[in-house]
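Observations on the three-dimensional arrangement
Residue strings, one per chain:
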Amino acid sequence: MGAPRFLMEVSDAELAALAVRGDRSAFDVLVRRHSGVIRALLRRMGAQPAMADDIAQDAFVAAFQSIASYRATGSFAAWVKQIAARLYVRRWRAETRFVDLKESEAGVVEGGSADGRIDLDAALACLSKAERICVSMCSGAGFSHNEAGVLLKMPAGTVKSHVKRGLDKLRRRLEAGQTSERSRADG
């Protein structure tokens, strides 16, 4: 049984207020609206699809449990993104044990989509794990360098360096893709 139709037209802030009063249908609408964005962020951070689904579900459970703390000063999606990113970082840290952040860098993946659009997931896969998670947290989930540093247990300057190197690599990849697209168009 779905949520009442009128809830589909209600804003996120109003749905959250209804959820605070115990309306589970209102929260279900929020989950349906934003679950794809949350799973996509987690996959870009490096989670495999099944893990992204699990963590997204855990993030929405945590969001439901603390819905009264949502102040609607920012978007509901951004609020849940931060919850999900924190959950992913906890799991990631437990699994990888961040002993050496100086991993060998992955090679550039050649190719792209036929219509010239950048494949963000493939581009992010070219980054080291540390660069990928820092770029995803700071550029995708909206964390500051300091906030990401606290979660990752690394200095804010290190986070900033990983973000800069990662974004530089992504820019070079985008520029290389545009150059090859122009070459194909000219040829």
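Everything below is about the structure printed above this text.
Presented here is a report on the structure given in the accompanying data block. (Residues numbered from 1 in each chain as written. Predicted model: local features only at pLDDT ≥ 70, side-chain atom pairs only at ≥ 80, totals over all residues. Heavy atoms only, no water.)

**Some thoughts on helix α6 (residues 129-140)**
Burial analysis of α6 places 9 of its 12 residues in the buried class, the great majority of the element. Taken together, the buried positions of α6 are A130, E131, R132, I133, C134, V135, S136, M137 and C138. Backbone geometry just after α6 places G142 at a positive phi near 85 degrees. (Buried < 20%, exposed > 50% of the residue type's maximum accessible area, 1.4 Å probe, protein only. Helix = DSSP H or I, 4+ residues; strand = E, 2+ residues; numbered from the N terminus.)

**Observations regarding the nonpolar core**
Core analysis: the biggest nonpolar cluster contains 44 residues, and L42, M45, F76, Y88, I133, M137 and L152 have the highest contact counts within it. Broken down by secondary-structure element, the contributors of at least two residues to this core are α1 (12-20), α2 (24-45), α3 (49-65), α4 (76-96), α6, α7 (145-152) and α8 (156-186). The contacts of Y88, once residues within four sequence positions are left out, are L42, M45, G46, A47, M51, I55 and I133. (Core = buried A, V, L, I, M, F, W, Y, C linked by side-chain atoms within 4.5 Å. Contact = heavy atoms within 4.5 Å.)

**A few points about the packing of aromatic side chains**
Aromatic rings considered in pairs are described by the distance between their centres and by the relative angle of their planes. In total, this model carries 5 aromatic pairs according to the counting rule given. Ring geometry for F27 and F76: centres 6.2 Å apart, planes at 85 degrees, overall edge-to-face. Taken together, the residues span a long stretch of sequence, with F27 in helix α2 and F76 in helix α4 at a distance of 49 residues. Like F27, the residue F76 is buried in the burial classification. Measuring from ring centre to ring centre gives 5.7 Å for F76 and W79, while their planes differ by 50 degrees; the resulting arrangement is tilted. Of the two residues, F76 and W79 both sit in helix α4, 3 residues apart, roughly one turn of that helix. (Phe/Tyr/Trp six-rings, centres within 6.5 Å; stacked < 30°, edge-to-face > 60°.)

Shape is all these values report; function is a separate question.
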